[in-house]
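Summary of structural features
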Amino acid sequence: MATYLDFENKIKQIEEDILVAKSRSDDHAVEILEKKLEKEVEKTFKNLNDYQKLQLARHPDRPYALDYIRGLLTDAYEIHGDRHYVDDNAIVCFLGYIGQQKVMVIGEQKGRGTKNKLKRNFGMPSPEGYRKALRCAKMAEKFDIPILMLVDTPGAYPGIGAEERNQSEAIAKNLYEFSNLKTPTISVVIGEGGSGGALAISVADKLAMMRYSVYAVISPEGCAAILWNDPSHAETAANSLKITAEALKNLELIDDVINEPLIGAHKRKEIAIQALGDYFLNSLKELKELSVEERLNKRYEKLMNLGKFESDKK
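Now for a description of the structure that goes with this document. Note that this is a predicted model, so its numbers are computed, not measured. (Residues numbered from 1 in each chain as written. Predicted model: local features only at pLDDT ≥ 70, side-chain atom pairs only at ≥ 80, totals over all residues. Heavy atoms only, no water.)

**Structural notes on the overall build of the chain**
- Summing up its helical and strand segments, the chain has 14 helices and eight strands in all.
- Expected size for 314 residues packed as a compact globule is a radius of gyration near 20 Å; at 20 Å, the chain falls within 12% of this value.
- For the chain, the spread of C-alpha atoms along the principal axes amounts to about 60 × 50 × 50 Å.
- Within the chain, the fraction of its 314 residues that count as buried is 49%.
- Sequence-distant contacts in the chain: of pairs separated by 6 or more residues, those separated by 24 or more amount to 73%. (Helix = DSSP H or I, 4+ residues; strand = E, 2+ residues; numbered from the N terminus. Rg over C-alpha atoms; globule rule 2.2 N^0.38 Å. Buried < 20%, exposed > 50% of the residue type's maximum accessible area, 1.4 Å probe, protein only. Contact = heavy atoms within 4.5 Å.)

Written out as structure tokens, the structure reads:
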């Protein structure tokens, strides 16, 4: 059963009317209602605020990493474990092909349904998850296989066990190692990119975001709790944090925005999956035109330019 957000109520009603008209075989009514639906979608989704985009990024029907992997990869083979502690199910790693291109895909998986959410720890990786990601990235580098990273997490797991196993060190090591990988790397925020949990698999030659994804140093709820001691101010925080793809592109913190369908990836999953696949292949073609040294230099320059600002003083 489809899930609708508050601002999608009019769309929900029109879609229900279309189903009723189809059940009556009233083709004329269906045609009129579909045109009405198209206008309502354009009116609603072209005027979303940042908090509404955050809601879309967290939409329970939104495609997760495994949806993209299953939709894009052929001859897929899953790689498990970090060779040190255990297999973290919040991070999934697959070796396979996108088209004719061999690729290593590393993604954060939230899970659907209570049982699966618990298995995936709600998409919050532990240190062993980041170490698994690094192990697979190093394997890809050894065999000159490009890497695609799919970011979708509220943040790294903050539990006592994760801290005991050096969560911050695992994230820091990934930042360092991924910045020096010799193989082409492309990272895409597909949903929610939260704090260091997202950053640990975001250092890449190309960093892109799906149209309705978000990327932030802290969740709006956390920000509201710190600034106002009241999480109910989350909407105000979200509209101030500059967490959307368009805002971050304007600030030059990401490279590209992938145009998922206007109505959202949760409604047109196949189109969104194909858009991401096309972006990966086109970006990889561009990166392969550079030598390893040129790619590493460009990656370094990009990382060093993060957070730059221009002073008004002359």
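**Observations concerning unusual backbone geometry**
- Phi at Ser25 is positive, roughly 60 degrees, even though this residue is not glycine.
- Positionally, Ser25 belongs in the loop between helix 1 (9-23) and helix 2 (27-45).
- Accessibility expressed as a relative area gives 58% for Ser25, which makes it exposed.

**A few points about helix 13 (residues 269-288)**
- For helix 13, built from 20 residues, the straight-helix expectation of 28 Å at 1.5 Å per residue is met to within 8% by its first-to-last C-alpha distance of 29 Å.
- Those residues of helix 13 that fall on the buried side of the exposure criterion are Ala272, Ile273, Leu276, Gly277, Tyr279, Phe280, Ser283, Leu284 and Leu287. Buried residues along helix 13 cover an arc of 155 degrees about the axis, so they all sit on one side. Exposed positions of helix 13 whose direction lies more than 90 degrees from the buried face are Glu270, Ile271, Asn282 and Lys285. (Expected span 1.5 Å × (residues − 1). Arc of directions from axis to C-beta.)

**A word on the pairing of strand 6 (residues 206-210)**
- In terms of burial, strand 6 is a largely internal element, five of the five residues being buried.
- Side-chain alternation along strand 6 places Lys206, Ala208 and Met210 on one buried face and Leu207 and Met209 on a second face that is also buried.
- The pairing of strand 6 with strand 8 (residues 256-258) spans three bridges and is classified as parallel. Across the sheet, residue Met209 finds its bridge partner in strand 8, namely Val257. (Pairing = 2+ DSSP bridges.)

**Here we look at the packing of aromatic side chains**
- Counted according to the given criterion, the structure contains two aromatic pairs.
- Taking the centre distance of 6.1 Å and the plane angle of 75 degrees together, the rings of Phe7 and Phe45 count as edge-to-face. Taken together, the residues Phe7 in the segment before helix 1 and Phe45 in helix 2 connect sequence positions 38 residues apart. There is no split in this pair, since Phe7 and Phe45 are both buried.
- A ring pair is formed by Phe45 and Tyr212, whose centres lie 6.1 Å apart and whose planes are at 50 degrees; its orientation type is tilted. In this pair, Phe45 is assigned in helix 2 and Tyr212 in the loop between strand 6 and strand 7 (214-216), connecting sequence segments 167 residues apart. (Phe/Tyr/Trp six-rings, centres within 6.5 Å; stacked < 30°, edge-to-face > 60°.)

**Describing empty space enclosed by the protein**
- As enumerated under the stated definition, the model contains one cavity of 30 Å³ or more in all.
- Reported here for the largest cavity is a volume of approximately 70 Å³.
- For the largest cavity, the lining is made up of 13 residues, of which Glu192, Gly193, Ala216, Ile218 and Ser219 are closest to its centre.
- Those elements that place two or more of their residues in the lining of the largest cavity are strand 5 (185-194) and strand 7.
- A class-by-class count of the residues in the lining of the largest cavity yields eight nonpolar, three polar and two charged. (1 Å grid on protein atoms, 1.4 Å probe; cavity = no way out; pocket = protein on both sides within 12 Å on 5 of 7 lines; lining within 4 Å. Points joined across faces, edges and corners; volume = space filled by probe spheres on them. Nonpolar A, V, L, I, M, F, W, Y, C, P; charged D, E, K, R; others polar.)

**With respect to the side chain of Thr244**
- Secondary-structure assignment places Thr244 in the loop between helix 11 (234-238) and helix 12 (245-250).
- When sequence neighbours within four positions are dropped, the list of residues in contact with Thr244 reads Asp50, Lys53, Met209 and Ser213.

**Considering the packing of helix 1 against helix 2**
- Between helix 1 and helix 2, the least distance of the axes is 9 Å, while the angle of their chain directions is 165 degrees. For the element pair helix 1 / helix 2, the angle class is roughly antiparallel. For helix 1 against helix 2, the interelement crossing comes out left-handed. In contact with Lys10, Ile11, Ile14, Glu15, Asp17, Ile18, Ala21 and Lys22 of helix 1, helix 2 contributes Ala29, Val30, Leu33, Glu34, Lys36, Leu37, Glu40, Val41, Lys43, Thr44 and Phe45.
- Residue classes in the contact of helix 1 with helix 2 are distributed as ten nonpolar, one polar and eight charged. (Axes fitted to C-alpha atoms, helices over the stretch in contact; angles between N-to-C directions. Parallel < 35°, antiparallel > 145°, perpendicular 65-115°, else oblique. Left-handed = near helix turned anticlockwise from the far one by under 90°.)

**Looking at the pattern of salt bridges**
- Here the structure, examined in full by the defined rule, presents 20 salt bridges.
- Notably, a salt bridge pairs Arg165 with Glu128, separated by 3.0 Å at the nearest N-O pair. Residue Arg165 is located in the loop between helix 7 (160-164) and helix 8 (167-178), and its partner Glu128 is located in helix 6 (residues 127-142); the two are separated by 37 residues in the primary sequence.
- One salt bridge in this structure joins Asp205 and Arg295, with 3.9 Å as the shortest N-O distance. Here Arg295 lies in helix 14 (residues 292-305) and Asp205 lies in the loop between helix 9 (195-199) and strand 6, a separation of 90 residues in the sequence.
- The class of Asp205 is buried, set by a relative accessible area of 9%.
- Ionic contacts of the salt-bridge type, sharing partners, join the residues Arg58, Lys110, Asp152, Glu192 and Glu221 into one network. (Salt bridge = Lys/Arg side-chain N within 4 Å of Asp/Glu carboxyl O.)

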